[in-house]
Structures are given as C-alpha cells and as structure tokens.
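A closer look at the structure
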Amino acid sequence: KQEVTQIPAALSVPEGENLVLNCSFTDSAIYNLQWFRQDPGKGLTSLLLIQSSQREQTSGRLNASLDKSSGRSTLYIAASQPGDSATYLCAASNQAGTALIFGKGTTLSVSS
Amino acid sequence: EAGVAQSPRYKIIEKRQSVAFWCNPISGHATLYWYQQILGQGPKLLIQFQNNGVVDDSQLPKDRFSAERLKGVDSTLKIQPAKLEDSAVYLCASSNLPGPSYNEQFFGPGTRLTVL
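What counts as what
Residues numbered from 1 in each chain as written. Chains lettered and ligands numbered in written order. Predicted model: local features only at pLDDT ≥ 70, side-chain atom pairs only at ≥ 80, totals over all residues. Heavy atoms only, no water. Helix = DSSP H or I, 4+ residues; strand = E, 2+ residues; numbered from the N terminus. Rg over C-alpha atoms; globule rule 2.2 N^0.38 Å. Buried < 20%, exposed > 50% of the residue type's maximum accessible area, 1.4 Å probe, protein only. Contact = heavy atoms within 4.5 Å. Pairing = 2+ DSSP bridges. Axes fitted to C-alpha atoms, helices over the stretch in contact; angles between N-to-C directions. Disulfide = S-S within 2.5 Å.

In this section: the overall build of chain B. If you tally the helices and strands in chain B, you get zero helices and eleven strands. Secondary structure elements in chain B, listed N-terminal to C-terminal, are β-β-β-β-β-β-β-β-β-β-β. Expected size for 116 residues packed as a compact globule is a radius of gyration near 13 Å; at 14 Å, chain B falls within 12% of this value. C-alpha atoms of chain B, sized along the principal axes, occupy 45 × 25 × 25 Å. Counting over 116 residues, chain B shows a buried share of 44%. Within chain B, contacts between residues separated by at least 24 positions form 53% of all contacts whose residues are at least 6 apart in sequence.

Have a look at this one:
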C-alpha cells in the first residue's frame, strides 16, 4: 500500500531564500507524482507533474525531481517570495488513471 | 479552458441532516474523482468514476455516502445522515485518459462542510 510522507510539516524562511520541500513514498512502482499548492480555504492548484520515466520538471522558479529508487521527490523553490506562502502537497499515483495518494503537506511561510 | 466547477462553496448543517454537493468537470475529461480533506490532512479518495461507471469506491462510507455521475459529465455527492466527523472540504477533480496530458488531475475549489 502506497504511503506518502512530507517533511517538514511547516517551514518559515525569509524572502529571497532558496528552499527545498521533501516528499517520500513507500512504493517505488509509481506512475506519476504531482506537486500541488493549496492556499487557505482554496482548492488545489497543480504545479508540476513528473512521469515515472522522468527525473525532473521545471516551471519558472520551481523545479521538481523524482528518484524512484530512493522513493523521494523534492520541490525546489528559488528566490522565495511572500506570495509563495501556502501549503504544498505532493501526491503519487500507482497506475494510469488511478486516484492520487497524498501526503499531509508542508506549510510554507515566506516573510518579507 | 474552464476549470472544474463545484457548488456550493460552503455549507453548514446539523448532524443527521442531509447534504448534496455538485461537480462539473473540465469538458471532455472522462475521469472524475471525489476526495475528502479533513483539516490538517491530505485529500483522501472517496470515489472515482470513469465516464458514468464507478472505478473505485472502496473508501466510500456507503451507509451514509452516495454518488452518481449521470451521462458521464456532472456528478453529485450526497451525505445522509451527516455526522460530526464529516466536517471537511470535499474536492472534485477530473483528468483525461492517459495520453498527451499524462493523466494530470485538476481540482475544483472545493466545498467546505461544517456539521454542528
């Protein structure tokens, strides 16, 4: 049974700092891994999707990597801004078309 | 392209009452998911539809929860009767079949349910 863990649960950084959010999963036979952002009281916004055959994906200041052998994914945020403050969730799917299994998220606070 | 639509956005009911949530997925998306997100937790799947058929409802509390997806488009999730522990955000998501979009899931804004 797939389990997804995110550490740390909360993170506070000053504006401009580069940071890494961690996600680990127990079953390396994943189909894809998706990173989301959730603002308070809002739904989930998809940030990056990494297929099992890929090692990383980039979008603007965000870079997500995937290492299936170690069961880990990281989300790198460059030059953090106060607007990046939100909860970041990672989720894995084990087969095409199946539901996502989520971690509990990392709540990020970027101070100006 | 319009996103996933959900209504209502907020609902407050008393325990033992019934409630229904509505979801309209992205046009053309064959797969629809309902997730429950309890405060401080990640979303958890309740039910998954492929077109108008149920793919996975193993985690749906069938004694009180029901869902349908008529004509393979809109979907309704119902709770009857509600319990205090049903207080959560109910998220609807949709995705296309594996293909160029790589089965990426897109989420609606959610419905926040409070059971008193």
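From this point, things continue past the structure.
Time to look at the sheet that holds strand β1 (residues 5-7) of chain B. Residues and elements named next belong to chain B. Read from one edge to the other, the open sheet built from four strands follows the order β1-β3-β8-β7, with strand pairing classed as antiparallel. In the strand order of this sheet, the two ends are held by β1 and β7 (65-68), each with one partner. Recorded for the sheet is a direction-independent mean angle of 15° between the axes of neighbouring strands. Summarising the sheet, β1 and strand β3 (residues 19-24) pair through three bridges and their orientation is antiparallel. Each residue of the ladder has a partner; that of Gln6, found in β3, is Cys23.

Turning next to the sheet that holds strand β1 (residues 4-7) of chain A. Residues and elements named next belong to chain A. The sheet built from five strands is open, its strands ordered β1-β3-β8-β7-β6 with antiparallel pairing. Strands with a single pairing partner mark the edges of an open sheet, and in this sheet they are β1 and β6 (56-59). Ignoring strand direction, the axes of neighbouring strands in this sheet form an average angle of 15°. In this structure, strand β3 (residues 19-25) lies alongside strand β8 (residues 72-77), joined through six bridges in antiparallel fashion. Bridge pairing in β8 links Val20 to Tyr76.

Here we come to the state of the cysteines. In protein chemistry, a disulfide is the covalent bond that joins the sulfur atoms of two cysteines. Residues and elements named next belong to chain A. Taken as a whole and judged by the stated rule, the model has two disulfides over all chains. Each disulfide pairs two cysteine sulfurs, and for Cys23 the partner residue is Cys90, the sulfurs being separated by 1.9 Å. Residues Cys23 and Cys90 are joined by a disulfide whose S-S torsion is about 70°; by sign, that bridge is right-handed. Of this pair, Cys23 sits in strand β3 while Cys90 is found in strand β9 (residues 86-93), placing the two residues 67 residues apart along the sequence.

A few words on unusual backbone geometry. Residues apart from glycine generally show negative phi values, whereas peptide bonds are mostly found in trans. All names here are of chain B. In this structure, Pro8 follows Ser7 across a cis peptide bond, with omega equal to -10°. If you trace the backbone, Pro8 turns up in the loop between β1 and β2 (10-13). At the junction of Gln80 and Pro81, the peptide bond is cis and its omega measures out at -5° in the coordinates. With respect to the element layout, Pro81 can be found in the loop between β8 (75-79) and β9 (88-95).

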